[in-house]
Amino acid sequence: LGVLACGAERVTDRMFMAAAAALAELSPARTNAAAPLLPPLDEIRGVSRAIALATAMQAISDGVAPVAADEDVEHAIQSLMWAPRY
């Protein structure tokens, strides 16, 4: 999602690390050792948005995506997200 939103021409190792760090920041286990490692599934949209933003910003920092304002990247991420509606 972050790669598509920022138009990155490739994925760097630092982008993978930024995605992993963003996920780690949202881990319930950070505040409770008995809690699950991964965030609950009902938070998937927010987690996906946070990981995408971290990935896109790292791509811009690494010079593999066009430089954009934070608001532009956030808007692009939001516009690419979909909601399952049945």
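As a reminder, the structure under discussion sits directly above these lines.
Below, the structure is looked at part by part.

Parameters at a glance
Residues numbered from 1 in each chain as written. Predicted model: local features only at pLDDT ≥ 70, side-chain atom pairs only at ≥ 80, totals over all residues. Heavy atoms only, no water. Axes fitted to C-alpha atoms, helices over the stretch in contact; angles between N-to-C directions. Helix = DSSP H or I, 4+ residues; strand = E, 2+ residues; numbered from the N terminus. Parallel < 35°, antiparallel > 145°, perpendicular 65-115°, else oblique. Left-handed = near helix turned anticlockwise from the far one by under 90°. Contact = heavy atoms within 4.5 Å. Nonpolar A, V, L, I, M, F, W, Y, C, P; charged D, E, K, R; others polar. Expected span 1.5 Å × (residues − 1). Buried < 20%, exposed > 50% of the residue type's maximum accessible area, 1.4 Å probe, protein only. Arc of directions from axis to C-beta.

Some thoughts on the packing of helix α2 (residues 13–25) against helix α3 (residues 44–62)
Here comes step 1: Contact geometry of α2 with α3 gives a least axis separation of 8 Å together with a crossing angle of 150 degrees. Taken as axis vectors, α2 and α3 run roughly antiparallel relative to one another. As for the relative orientation of α2 and α3, their crossing is right-handed in sense. Where α2 abuts α3, its residues R14, M15, A18, A19, A22 and L23 lie against V47, A50, I51, A54, T55, Q58, A59, S61 and D62.
Here comes step 2: Along the lines of polarity and charge, the residues of the contact of α2 with α3 split into 10 nonpolar, 3 polar and 2 charged.

So, α2
Each α-helix winds once per 3.6 residues, and so residues spaced three or four apart point in a common direction.
Here comes step 1: Helix length check: α2, at 13 residues, gives a terminal C-alpha distance of 18 Å against a target of 18 Å (1.5 Å per residue), a fit within 8%.
Here comes step 2: Within α2, the full set of buried residues consists of M15, A18, A19 and A22. All buried residues of α2 project into a common sector of 100 degrees when viewed along the axis, lining one side. Of the exposed residues in α2, those oriented more than 90 degrees away from the buried face are D13, R14, F16 and M17.
Here comes step 3: In this fold, the buried residues of α2 make contact with α1 (2–6) and α3.

Observations regarding the packing of α3 against helix α4 (residues 70–80)
A packed helix pair is summarised by two numbers, namely the angle formed by the two axes and the spacing between the axes.
Here comes step 1: The N-to-C vectors of α3 and α4 enclose an angle of 135 degrees; their axes lie 10 Å apart at closest approach. The orientation of α3 with respect to α4, classified from their angle, is oblique. In terms of crossing hand, the pair formed by α3 and α4 is right-handed. Facing R45, R49, A52, L53, A56, M57 and I60 of α3, the residues of α4 in contact are D70, V73, E74, I77 and Q78.
Here comes step 2: Per-class residue counts for the contact of α3 with α4 are 7 nonpolar, 1 polar and 4 charged.

Overview of α4
Here comes step 1: Along α4, the residues that are buried comprise V73, A76 and I77. Each buried residue of α4 sits inside an arc of 100 degrees when the element is viewed along its axis, so together they form one side. Set apart from the buried face of α4 by more than 90 degrees, the exposed residues are E71, H75 and S79.
Here comes step 2: Residues of α4 that are buried sit in contact with α1 and α3.

Focus: the environment of A59
Here comes step 1: With respect to the helices, strands and loops of the structure, A59 is situated in helix α3.
Here comes step 2: Separated by 43 residues in the primary sequence, A59 and F16 place their C-alpha atoms 9.8 Å from one another.
Here comes step 3: In this structure A59 touches C6, A8, M15, V64 and A65, once residues within four positions along its chain are discounted.

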